[in-house]
Amino acid sequence: MTEKQKMLAGQLYLASDCELTNERQNARRITRLYNASTETQQEYRTQLLRELFGRMGENVYIEPSFRCDYGYNIKVGSNFYANFDCIILDVCEVNIGDNVFFAPRVNIYTAAHPVEAQARNSLLELGKPVNIGNSVWLGGGTIVLPGVTIGDNSVIGAGSVVTRDIPSNVVAAGNPCRVLRQLP
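Just so we're clear, the structure is a prediction, and the values are computed from it rather than from any experiment.

1. Concerning the packing of aromatic side chains
One pair of aromatic rings is described through two measures. These are the centre distance and the angle between the planes. One pass over the structure, following the stated rule, counts 4 aromatic pairs. When the ring of Tyr61 is compared with that of Tyr81, the centres are 6.0 Å apart and the planes differ by 5 degrees; the resulting orientation is stacked. Of this pair, Tyr61 sits in strand β3 (residues 60-62) while Tyr81 sits in strand β6 (residues 80-82), and the two are 20 residues apart along the sequence. Residue classification places Tyr61 among the partly exposed positions, given a relative accessible area of 21%. We note Lys4 situated over the ring of Tyr72; from NZ or CZ to the ring centre the distance is 4.6 Å. The ring of Tyr34 carries the charged tip of Arg45 above its face, separated from the ring centre by 5.6 Å.

2. Some words on the sheet that holds strand β13 (residues 130-132)
Strand order in this open sheet of 5 strands is β2-β5-β8-β13-β16, and the pairing throughout is parallel. Since the sheet does not close on itself, it has two edges, and those belong to β2 (55-56) and β16 (149-150), each with one partner.

Calculation criteria
Residues numbered from 1 in each chain as written. Predicted model: local features only at pLDDT ≥ 70, side-chain atom pairs only at ≥ 80, totals over all residues. Heavy atoms only, no water. Phe/Tyr/Trp six-rings, centres within 6.5 Å; stacked < 30°, edge-to-face > 60°. Helix = DSSP H or I, 4+ residues; strand = E, 2+ residues; numbered from the N terminus. Buried < 20%, exposed > 50% of the residue type's maximum accessible area, 1.4 Å probe, protein only. Lys NZ or Arg CZ within 6 Å of the ring centre and 35° of its normal. Pairing = 2+ DSSP bridges.

Put into structure tokens, the structure is as follows:
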């Protein structure tokens, strides 16, 4: 099994692998071009995101600056907006539904490291996918950790650290993020 196959399967892998290094460099190239583009170059920005992402719906807009690891593991629905300074570490899939909005400085992490020091010191990494449903709003500075699913129509308050799944139709906030109330 290649290091890339291990990464995509959520197993321990070495990120220093040549194939993975080249793919990260390609994502850096595309995000550098995206971040250097101007507000009058919307078609060009869309073209770059289509080259970068694994899947992308219509009406996708991300304010520069934007960063990601690989890009091809990011799958975005239609009517997506991410405000300034979004980071998506996509060593595993990040699935984002339709009508999703990210406030400034939202961070989505699929990447993780072993808890055991010996394994961590060997430079092994792993990841778990993140899933964000339809009509979700993530407040400014929200961090979503590996393996989390956020259900449809939910709102995550600013500054939250989402460490576990959040159901549909709720307002949740805090560190760790917890459900505050149901939505109608």
